[in-house]
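A closer look at the structure
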Amino acid sequence: MSQADLAGDDLSPSYISLLEGGKRLPSAEVLEQLAVRLRCDVPTLTGRAAEASECDLEVELKYAEMAMQNADPLAALAAYRAVQDKTTAAAQPKIWYAAEQGIALALERDGRLEEAAVHYEALRTASVTSKESVPRLTAVIGLCRCYRELGDLSHAIQIAEETLDELRELKLTPTVIGVELLSTLVGIHSERGDVHRASYLASQAIEQATAITDPKALGAAYWNASVVMYRKGNTADALALIQKALAIYAEGEDQRALARLRNAYASILLQTEDPQPELARTVLTQSLESLLQVGSSVDVAYCRSALARAELHLGRPEAAVAHAEQAMADLGVGHRLQAARNLLLLAAAQLRLGRPEEAKSSYERGALMLEASEAGQQAAYAWAELAEILKLCGEDERVLWAYQQSMRCIGYRNTLMLDRLPLSKSS
């Protein structure tokens with residue numbers, strides 16, 4: 001295109017020459033004319049992105065949230081990143097950090113836990129200087145969830161406890177998000193086997209949730225308190241607490257949370273003094289149908305794991321293997337704690353099918369993963385179960401080894417050093 005063509009009827013070729021030489025600054029009206037002739041928009045012509053209005057970006061955030069609610073974390077991730085591309089943390093901090101929070105959650109729901117943890121850590125750091133734009137507790141809770149699933153229970157507990165100490169020092173009145181943090185910490189302590197600390201925090205969570213009269217907070221508190229009772233072997237109280245939580249969540253609109261709670265309910269039904277595997281299977285089938293619509297692949301994996309356990313109780317090891325293997329595929333490589341549990345389920349089903357070598361391999365992998373995840377008590381049970389399998393297989397030397405691993409996981413050490421002392425011979 002020549003300068004005369006670009007000038008058209010409204011401008012002169014000499015003026016275009018001055019523009020090209022940087023000797024004139026075009027007005028907004030001239031820029032519009034030139035953009036039309038060059039068949040582009042003004043931002044493309046000037047090389048500067050147009051600053052999107054806050055209203056427009058809030059609409060885009062809503063679309064991203066809808067994608068997340070529709071169990072499409074990849075679409076949500078793309079939408080949140082598109083919002084960040086149109087602004088900066090300095091220009092529109094509230095919008096930018098909301099998108100950052102969405103990115104972290106989308107990555108978490110997609111099973112990319114280590115990536116999600118990086119974003120949650122950045123949000124936690126930013127919350128110190130940008131308190132009005134970054135909800136600190138939301139970032140901390142998300143970070144704790146990621147570290148829990150990754151098996152780094154100590155780090156998750158440290159972060160949560162430090163944050164709770166900050167809240168106590170500020171002497172703030174209880175809030176819904178504060179109760180959620182307490183409930184999250186209850187679950188992590190339960191995973192690690194510290195049921196006394198978990199029980200204390202659970203009672204605090206229920207007390208605070210009752211004080212603020214918020215159904216969602218109270219439901220979450222009951223939910224995690226039931227987990228503590230379940231870990232302590234008190235299935236009657238666990239069942240009563242989780243039924244209270246179910247009654248609360250059933251009146252809400254969070255179908256994903258309700259389905260996940262049903263998973264926990266079914267797990268308790270399988271561990272009561274009078275197990276109800278048929279009812280548990282029915283509950284889990286209903287939960288799976290819901291999670292396939294509104295849940296993530298990780299949510300579905302947890303449900304399939306519970307279904308594998310129910311099928312074992314019903315004497316259907318083939319179905320249990322199918323569910324456990326599909327759950328492993330859904331989880332991917334990031335969720336080490338739950339992957340370990342799946343391996344133990346898989347081992348139990350393989351043993352029922354008369355495949356002891358496969359069962360031994362699965363149990364050993366599962367026990368090692370639990371131990372690496374600092375879930376010492378659960379790892380101890382796994383090693384003990386492996387010892388029973390080895391005993392059935394006639395491998396007596398490895399039976400002793402497996403029991404020693406179990407004892408080590410619960411903190412036992414040979415302080416008497418009996419293995420180093422000569423034993424007297426009987427006459």
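Residues numbered from 1 in each chain as written. Predicted model: local features only at pLDDT ≥ 70, side-chain atom pairs only at ≥ 80, totals over all residues. Heavy atoms only, no water.

For the protein chain, an unreviewed UniProt entry supplies the name HTH cro/C1-type domain-containing protein and the organism Streptomyces autolyticus.

Examining the environment of M229
Convention followed: A run of H or I in DSSP counts as a helix once it spans at least four residues, and a run of E counts as a strand once it spans at least two, with each numbered from the N terminus. Residue contacts follow a heavy-atom distance rule, with two residues in contact if any of their heavy atoms lie within 4.5 Å.
Along the chain, the position of M229 falls in helix α13 (residues 215–231). Separated by 34 residues in sequence, M229 and V195 place their C-alpha atoms 8.5 Å apart. Setting aside its immediate chain neighbours within four residues, M229 contacts S199, N234, T235, D237, A238 and L241.

Points about the domain arrangement of the protein chain
For the record, the criterion: Throughout, the edges of the domains are those of an automatic or database domain assignment.
Along its sequence, the protein chain is carved into domain 1 (1–44) and domain 2 (314–409). Taking only C-alpha atoms, the centre of domain 1 and the centre of domain 2 are 73 Å apart.

A few points about a nonpolar patch on the surface
This is how it is decided: Patch membership needs two things, relative accessible area over 30% and no salt bridge, and members are linked within 9 Å if like-charged or within 5 Å if nonpolar (Val, Leu, Ile, Met, Phe, Trp, Tyr). The protein chains shown are the only cover counted for residues, whose accessible areas, like all others here, come from Shrake-Rupley with a 1.4 Å probe. A pairing counts as a salt bridge when a side-chain nitrogen of Lys or Arg comes within 4 Å of a carboxyl oxygen of Asp or Glu.
Among the surface-exposed residues, V59, Y63 and M66 lie close enough to one another that they form a single nonpolar patch of about 320 Å² accessible area. Looking at the element boundaries, V59 is found in helix α5 (residues 54–69).

Some points on the confidence of the model for the protein chain
Applied cut-off: Summary of the metric used: pLDDT quantifies the predictor's per-residue confidence within the range 0 to 100.
Chain-level statistics for the protein chain give a pLDDT mean of 85 and a share of 94% at 70 or above. The secondary-structure element of the protein chain with the lowest mean pLDDT is helix α4 (residues 42–46), recorded at 74, while helix α7 (residues 93–109) shows the highest, at 94. In this model, residues 423–427 is a region of pLDDT below 50 whose contacts with residues beyond four sequence positions or in other chains number zero contacts.

What about unusual backbone geometry?
Threshold: Accessibility here uses a 1.4 Å probe with only protein chains present; expressed as a share of the type maximum, an area under 20% marks a residue as buried, one over 50% as exposed, and anything in between as partly exposed.
Although it is not a glycine, R39 adopts a positive phi angle of roughly 55°. Relative to the helices and strands, R39 is located in the loop between α3 (28–37) and α4. Its relative accessible area of 80% is what places R39 among the exposed residues. Of note, the phi angle at T213 is positive, near 45°, even though the residue is not glycine. Its location among the elements puts T213 in the loop between α12 (195–212) and α13. Under the relative-accessibility criterion, T213 is labelled exposed at 65%.

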